Amino acid sequence: MSRRDFVLSELGLTPLWVRPERITRSMAAASAETGQPGPQPVAQAVPQPVAMEPAPLQPTMRSAADAVRSAIADAAPALRPPLAATSPNPAPATRGAPVQQVKLVIGEGARAERIASLDWQALQREVAGCTACGLCQTRTQTVFGVGNPQAELLVVGEAPGAEEDRQGEPFVGAAGKLLDNLLAAIGEKRGERVFIANVLKCRPPGNRNPQAEEVLQCAPFLARQIALIRPRLIFAVGRFAIQTLLQTEAPVGALRGKVHEVDGIPVVVGYHPAYLLRNLPDKARAWHDLLLVEDQLTQLAGKQG
Ligand code: URA
């Protein structure tokens, strides 16, 4: 076993993400048996939803982020009642309500409006044939997203990488394996109650950062996916997806541990799996993000019945 594999395995990162609480519980049980004090769990109260005060954005970033938000905003009122920003618990969406035709005034107006009226299959076709930005020239194929179109949980990442570009599915590389393990740790699985998508549907060459214009052109696609899926919860992973959805430049660390809202849809944020692969010490924090996702899904399911 290589040193890296050894460290990963010691940290519980392979083959499956090990729930620390199980470890803590079994240690507590052992300490009860021996009468010796056991270790204290790394406690973190499950936080209540908070109203976001977005930090100022660069003009280019703002227009891209605005595009996503306004598309969702236009779709959301028809689908679910808006939340009071200070509500102690996010009100769940009314699932099963008919999807409304939405009027969008984002990006290139007519194009965005048309995208906002597409059904799921038409949206898939539109994404597959998209030539709205230069990424269409370098991609192998578009990456629409994968999973249940009626998912409870929508995971939003940044953009396809090389492997995703090859296979046409998000998060299939090393980071994807970790994402699957993270989801498995809270009993979720890609394709079951989960849909996984990216902000960008095409790979930026060399995995460079997405550009504002690319986000602007792609924003109506993600907005329409959100409006059609109507997930109970969005889990945004990584700085780019988080800042785009929440319209802020605040660092991920400052946004974690809270339930944000994007026009009535609760949003929990977390580290990008690729970042976690490089920064093992943040694994414990990532675990708390997952617990918040799990807790919110349970709460929201209880409310919605
Ligand atoms: N990183 C992402 O953000 N998305 C993918 O699909 C793959 C890697």
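From a predicted model like this one, the values you see are computed outputs, not experimental measurements. (Residues numbered from 1 in each chain as written. Predicted model: local features only at pLDDT ≥ 70, side-chain atom pairs only at ≥ 80, totals over all residues. Heavy atoms only, no water.)

Here the protein shows a mean pLDDT of 75. Residues at 70 or above account for 64%. This model gives residues 22-61 a pLDDT under 50, and the stretch forms 50 contacts once residues within four places in sequence are excluded. Contacts from residues 72-106, a stretch scored under 50 in pLDDT, to residues over four places away or in other chains number 86 contacts. (pLDDT = per-residue confidence, 0-100. Contact = heavy atoms within 4.5 Å.)

All residues in the neighbourhood of the ligand are listed as G157, E158, A159, E164, P170, F171, N198 and H272. Within the contact set of the ligand, an oxygen atom lies 2.8 Å away from a backbone nitrogen or oxygen of E158. The backbone of F171 places a nitrogen or oxygen atom 2.9 Å from an oxygen atom of the ligand. Burial of the ligand by the protein chains amounts to 90% of its free accessible area of 230 Å². For the shell around the ligand, the class distribution of residues is three nonpolar, three polar and two charged. (Near = heavy atom within 4 Å. Polar contact = N/O pair within 3.5 Å; in protein donor to acceptor, adjacent residues only side chain to side chain. Areas by Shrake-Rupley, 256 points an atom, 1.4 Å probe, with all protein chains shown as cover. Nonpolar A, V, L, I, M, F, W, Y, C, P; charged D, E, K, R; others polar.)

Under the definition given, this model contains zero disulfides. With no disulfide partner, C136 has as its closest neighbouring cysteine sulfur the one in C133, 6.4 Å distant. C202 provides the cysteine sulfur closest to C218, a residue in no disulfide bond, and the two sulfurs are 6.1 Å apart. (Disulfide = S-S within 2.5 Å.)

We now examine the packing of helix 5 (residues 120-128) against helix 8 (residues 212-229). At their nearest, the axes of helix 5 and helix 8 sit 11 Å apart, and the two run at 165° to each other. Taken together, helix 5 and helix 8 sit at an angle that is classed as roughly antiparallel. Regarding helix 5 and helix 8, the two cross each other, and that crossing is left-handed. The segment helix 5 lies against helix 8, with W120, L123, E126 and V127 engaging F221, R224, Q225, L228 and I229. In the contact of helix 5 with helix 8, the residues fall into six nonpolar, one polar and two charged. (Axes fitted to C-alpha atoms, helices over the stretch in contact; angles between N-to-C directions. Helix = DSSP H or I, 4+ residues; strand = E, 2+ residues; numbered from the N terminus. Parallel < 35°, antiparallel > 145°, perpendicular 65-115°, else oblique. Left-handed = near helix turned anticlockwise from the far one by under 90°.)

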